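# Structure assessment
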Amino acid sequence: DGGITQSPKYLFRKEGQNVTLSCEQNLNHDAMYWYRQDPGQGLRLIYYSQIVNDFQKGDIAEGYSVSREKKESFPLTVTSAQKNPTAFYLCASSRDRDYNEQFFGPGTRLTVL
Amino acid sequence: QQQVKQSPQSLIVQKGGISIINCAYENTAFDYFPWYQQFPGKGPALLIAIRPDVSEKKEGRFTISFNKSAKQFSLHIMDSQPGDSATYFCAASNLWRGTYKYIFGTGTRLKVLA
């Protein structure tokens, strides 16, 4: 059963804490992406990675960090520097850098208490 | 220039009716236009997509109409069903810093009345 999994589904964080959101795919896709979704807004790109050990900032990277040590995994860390982290976070993947179609995971809802 | 404007924000349609959602863009470098369907608490799922060399694409009850000169594209849902009630996002994509970057519209919340 191929797809993208994200965990946890819900995450609560106290102010000042770093948290890491997991994203795993078994589609053998090269490219992976992290988006943030806020109510009434479209999805905004945080970070993307085209290949292992390489990643680039998107439009709203401040306060976030990522790693890509394995092809199937692209974890996102929300640091204490992110001023307004409460949001729905979506991970996506694409076959490779030359392929348009992106497939999304089920999302993680992060709430800062 | 990187915006995609989507309308309406919300839409209520009777069962069996036609739902129409519109998007407009400015950047002529966009070359791929997908539509995503999202149910509450779930990730978006690709519904249908079109490239600018085609003016219309139909898949089942879903049709994309594309007007390159007007820089507009729309999603038509024929014979709308209560199960179609969801949020729909349009997007536009082009090659950016070595990857295909998506710019999303702000979404349309569709409710189909039984």
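For the structure, see preceding data.
First, a word on scope: everything that follows refers to the structure included in this document. These numbers were taken from a predicted model, which means no experiment stands behind them.

## Looking at the overall build of chain A
A tally of helices and strands in chain A yields zero helices and eleven strands. Listing each helix as α and each strand as β along chain A from the N terminus yields β-β-β-β-β-β-β-β-β-β-β. By the compact-globule yardstick of 13 Å for 113 residues, chain A fits well, its C-alpha radius of gyration being 13 Å. Residues classed as buried in chain A amount to 51% of the 113 residues present. Contacts in chain A between residues far apart in sequence, at least 24 positions, make up 53% of those at least 6 positions apart.

## As for the overall build of chain B
When helices and strands are counted, chain B shows zero helices and eleven strands. Seen in sequence order, chain B has helices and strands lined up from the N terminus as β-β-β-β-β-β-β-β-β-β-β. Taking 2.2 N^0.38 as the reference for a compact globule, 114 residues should give roughly 13 Å; the C-alpha atoms of chain B span a radius of gyration of 14 Å, in line with that estimate. Overall, the C-alpha framework of chain B stretches about 45 × 30 × 20 Å when taken along its three principal axes.

So, how was this worked out
- Residues numbered from 1 in each chain as written.
- Chains lettered and ligands numbered in written order.
- Predicted model: local features only at pLDDT ≥ 70, side-chain atom pairs only at ≥ 80, totals over all residues.
- Heavy atoms only, no water.
- Helix = DSSP H or I, 4+ residues; strand = E, 2+ residues; numbered from the N terminus.
- Rg over C-alpha atoms; globule rule 2.2 N^0.38 Å.
- Buried < 20%, exposed > 50% of the residue type's maximum accessible area, 1.4 Å probe, protein only.
- Contact = heavy atoms within 4.5 Å.

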